[in-house]
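Chain by chain, the residues run as shown.
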Amino acid sequence: MNEKVSINPTINQSWRKVLEKEFQSDYFMLLKEFLIEERKKFIIYPPAGKIFASFNYTSFDDVKVVIIGQDPYHGPGQANGLCFSVGDGIPQPPSLQNIFKELHSDLGIPIPQTGNLEPWAKQGVLLLNATLTVRANQAGSHQKQGWENFTDTAIKALSEKRKGLIFLLWGKFAQAKEMLIDTSKHHVLKAPHPSPFSVHSGFYGCKHFSKTNEILRKENLSAINWDISQTD
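Residues numbered from 1 in each chain as written. Predicted model: local features only at pLDDT ≥ 70, side-chain atom pairs only at ≥ 80, totals over all residues. Heavy atoms only, no water.

Of all hydrophobic cores here, the largest spans 32 residues; its most connected members are Ile67, Trp120, Leu127 and Trp170. When neighbours within four sequence positions are excluded, tryptophan 120 is seen to be in contact with Ile99, Phe100, Leu103, Val125, Leu127, Phe209, Asn225, Trp226 and Ile228. Within the second largest apolar cluster, 31 residues are counted, among which are Tyr27, Leu132, Phe150 and Ala174. (Core = buried A, V, L, I, M, F, W, Y, C linked by side-chain atoms within 4.5 Å. Buried < 20%, exposed > 50% of the residue type's maximum accessible area, 1.4 Å probe, protein only. Contact = heavy atoms within 4.5 Å.)

Next up, the structure:
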């Protein structure tokens with residue numbers, strides 16, 4: 001019974017209002033059953049209390065920027081519920097290292113020791129993975145179990161109920177989500193994925209961080225302080 005309690009969604013109230021129907025849906029009930037069974041047999045990341053971290057750090061009304069990832073890191077201690085982010089003291093995965101390199105090139109921001117992107121999330125950057133859980137050491141193992149329905153609904157809700165948001169779509173997977181976004185009222189910036197396989201084909205030099213802040217200023221919103229080095 002404790003397993004059932006552990007995956008009951010603890011989620012920011014602003015998001016709960018938007019996603020309440022999803023929590024009551026048949027697919028979400030099946031997803032919970034799937035996770036309960038998975039936990040009996042495997043280690044699942046991130047820890048239960050961090051599954052909805054992206055929503056809890058960035059309330060629905062505070063979202064200014066959306067970055068979309070695919071699924072959580074599957075190594076020990078890596079996943080902290082925010083896409084591309086790892087907990088303090090965890091070595092930075094290659095994609096995150098490349099993000100910081102582009103940030104340094106774009107804005108001259110020092111490359112931080114930590115890979116924890118919570119400071120971004122607290123400023124309105126929704127760091128959303130399409131799939132919110134994963135089996136240890138098995139990338140993509142929780143895809144097509146219902147999470148995509150849930151996170152697609154979150155993206156559509158942002159598109160419909162908010163305006164002037166900036167969606168950073170890195171790689172083909174994230175760019176496929178553009179169909180969920182009303183591009184007549186939101187800003188979409190696209191680039192290749194920051195992984196070592198594609199970073200040299202246009203992620204380096206995309207200047208998405210400075211471009212994002214330019215758009216925010218035009219929207220009369222405060223720019224994102226992308227520098228997390230002071231949190232080391």
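Next comes the rest of the account.
This part is about empty space enclosed by the protein. A complete count under the given rule lists one cavity of 30 Å³ or more for this structure. For the largest cavity, the full set of lining residues is Pro46, Ile51, Ser54, Pro72, Gly81, Leu127, Leu128, Asn129 and Leu132. No other element matches the three residues that strand β3 (residues 125-129) contributes to the lining of the largest cavity. Across the lining of the largest cavity, the residue classes tally to six nonpolar, three polar and no charged. (1 Å grid on protein atoms, 1.4 Å probe; cavity = no way out; pocket = protein on both sides within 12 Å on 5 of 7 lines; lining within 4 Å. Points joined across faces, edges and corners; volume = space filled by probe spheres on them. Helix = DSSP H or I, 4+ residues; strand = E, 2+ residues; numbered from the N terminus. Nonpolar A, V, L, I, M, F, W, Y, C, P; charged D, E, K, R; others polar.)

Moving on to helix α2 (residues 13-23). Each turn of an α-helix holds 3.6 residues, which means side chains three or four residues apart point in the same direction. Of all the positions in α2, only Ser14, Trp15, Leu19, Glu22 and Phe23 are classed as buried. Buried residues of α2, viewed axially, fall in a sector of 135°; they line one side. What points out from α2, more than 90 degrees from its buried face, is the exposed set Lys17 and Lys21. (Arc of directions from axis to C-beta.)

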